[in-house]
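Fold and contact review
Spelled out, the chains give:
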Amino acid sequence: MTHLNRLFAVVSGLAVVSLAALIICPMIGIVTIVPREMIHDENLRYVFLSMRLPRVLAAFCAGGGLAVAGMVYQAIFRNPLADPYTLGVSSGASLGAALCILAGVSGSVSGMSIITAGAFAGALASIAVIYCFAWLREANSSTLLLAGVIVATLCSGLIMFIHFIGGLHKSFHILRWIMGGVDGVSYSLMVFMLIPLAAFIAVTSMLMPQLDQFLTGDSIAHSRGVNVRASRNVFISITAVAVGGIVAVCGPIGFIGIIAPHACRLLMPGVRHRLLALCSFLLGGTFLIVADTLARTLVPPSEIPVGIITALLGGPCFLLLLFRRKSRLLV
Amino acid sequence: MNAHHVSIELREVHAAYDRYEVLAGISLSIEKNSRWAVIGPNGAGKSTLIRIVAGLTKASRGTVLVEGNRIKGYAARNRARILAYMPQKPEGVIPYSVHDFVMLGRYCVMGLLGVPSREDRELVADAMDICDIRHLAMRLMSTLSGGEFQRVLLAGAVAQGAPLLLLDEPTTFLDPAHERQFFEALARLHTRRELTTVIITHDINSALQRCTHIAALRHGRLMFGGTAGEFRTRCPSILRDLFSIDFSAFAGRDGGSTVFGTWESL
């Protein structure tokens, strides 16, 4: 069947491309490093293993995680505009980071930057608000979306106030944090993001059949035997925690979470969520690796914030895909 | 009546949206293998009634028993094994192929991983045959016509394999030919297995012809609940009371059954 061939082509294509990105991108930089040279040169080995490799791995996990989180929210809310930050997690994290920067605390405790910890705390606080609405108030999905937007707006207001009173230097520091990026991510910092992400992947991969049901509408999903409210709340909570971890480490990197799942849907019309999640992860991860590689090599020795690259690179590609694809038939 | 023969039992069921009362004390007993039509004017509480039976809406008072147990007591999957509900209209675009959508009906019996067994595949193929949509299997749901779409929704509900089927105005937006195809699919299903259907409709003549029982609702109260034959003897006066508009009886051609309509003159 051509339909299965198509799925196979997309999945294997993405797998090959992401593997290539994972292998090639750590070699690229101001100095090109090929593995043979590393054996003899300790400095090159350090740059490769302790600077570039964690950065590429972090980009892969963050991009992939954001893409899957975006896919989950788009399905749960049956809204193509939903993204990982819809419920205000990134705004909470940004506020946490901004407060730390304002207070002037920096440095790190046992390998963990204080700003990262502050951002993670901010993310958890905003998750707590969502949690209250979802589990305690038993809100429906529109109320949840609205509550998320309000939380985000509230945090933005506070961040703006911090910008206002913080002075030029701190204000720029906050701005740079909010632009996001995987620069300076070490292995120990990555743990922050990998633990929630692993929990997220483990739980959601078991629940993918339920996610399939959500897109048929609440009443059909209910009729098919899904406990709609409980299932939605589980998805929302575990996804928010994963996004919180990613944002705390990498900042709110935009765009990937909304376009990667859509791009995969356009490439594979009618696809179910387990395969879609895999493809979204590969595409989102690869995309962030490539964007970050461009960010650190385009204008050496300075680095462009990766959020600029993701938007400028991803936007036109996605528009082209949207324009070209007329997905009608599966066969 | 023996409890084993009862599919749905409603006792003094009340429902309200905020303070607005939608159902005011409905009591009804629906036997297994019967075909019920729920009729009544807009806003009479038909959809609310069927949603309460499906467990989608909570009754504010009263008892709803399905297959002898309270509907609220069922775990979601177990409920899906005994009843399937088909809404009037899905809440959005369904982005799957027809085959995949019908397969989603098997969720309630599948394992955690959602991998279909041979039995699941056979039942899905069977449901698609009954609803005459086999040729559409690989089409995307978004490309279907109205009549095809309703039959696919029915196939999804049929695939659940539940003995009780609740249909909320399944043919309202269909032309006469597609409406007939839909009911033919339903009739095929009735010949295949034990099945109780409750269907909301505005087509009174179709209900009288195709269903064994009628439930007539007005202002949240049950005006009539009994066999179609009994309902027919009380037509057209009961229709006038129900809809507050004059109905007349028209003789069917060649000794066919009488039909009822609101036409001024014929």
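In case you missed it, the structure is sitting above this.
A brief report on the enclosed structure follows. Just so you know, these numbers come straight off a predicted model, no measurement behind them.

Definitions and limits used
Residues numbered from 1 in each chain as written. Chains lettered and ligands numbered in written order. Predicted model: local features only at pLDDT ≥ 70, side-chain atom pairs only at ≥ 80, totals over all residues. Heavy atoms only, no water. Helix = DSSP H or I, 4+ residues; strand = E, 2+ residues; numbered from the N terminus. Rg over C-alpha atoms; globule rule 2.2 N^0.38 Å. Buried < 20%, exposed > 50% of the residue type's maximum accessible area, 1.4 Å probe, protein only. Contact = heavy atoms within 4.5 Å. Areas by Shrake-Rupley, 256 points an atom, 1.4 Å probe, with all protein chains shown as cover. Buried area = accessible area lost by both parts, 1.4 Å probe. Salt bridge = Lys/Arg side-chain N within 4 Å of Asp/Glu carboxyl O. Pairing = 2+ DSSP bridges. Axes fitted to C-alpha atoms, helices over the stretch in contact; angles between N-to-C directions.

Along chain A, the regular secondary structure elements total 12 helices and 2 strands. The order of α-helices and β-strands along chain A, N terminus first, is α-α-α-α-β-β-α-α-α-α-α-α-α-α. Scaling as 2.2 N^0.38, a compact globule of 331 residues should have a C-alpha radius of gyration of about 20 Å, and chain A matches this with 20 Å. Principal-axis analysis of the C-alpha atoms gives chain A an extent of 60 × 50 × 35 Å. Residues counted as buried form 54% of the 331 residues belonging to chain A. Sequence-distant contacts, at least 24 apart, represent 77% of the contacts inside chain A between residues at least 6 apart. When the accessible area of chain A is evaluated, it comes to approximately 14400 Å², of which 73% is carbon and sulfur surface.

Next up on the list: the interface of chain B and chain A. Between chain B and chain A, the residue contacts involve 36 residues of the former and 33 residues of the latter. Between chain B and chain A, a total of about 2900 Å² is buried, with carbon and sulfur atoms accounting for 58% of that surface. Looking at the side of chain B facing chain A, the largest losses of area belong to Tyr96, Tyr107 and Met138 of chain B, adding up to 24% of the total buried there. At the boundary of chain B with chain A, the tally comes to 2 salt bridges. Salt-bridge contacts for Arg78 of chain A lead to Glu91 of chain B; the nearest nitrogen and oxygen are separated by 3.7 Å.

For the rest of this paragraph, the subject is the sheet that holds strand S5 (residues 69-70) of chain B. Residue and element names in this part refer to chain B. On the basis of which strands lie adjacent, the open sheet formed by 4 strands has the order S2-S1-S4-S5 and antiparallel pairing. Looking at strand neighbours, the two that pair on one side only are strand S2 (20-31) and S5, the edges of this open sheet. Bridge count for strand S4 (residues 61-66) against S5 is 2 bridges, and the pairing is antiparallel. Its bridge partner being in S5, Leu65 is matched across the sheet by Arg70. Its contacts with the sheet put helix H1 (residues 46-54) on strand S1 (6-17), S2 and S4, and the angle it makes with S1 is roughly 120°.

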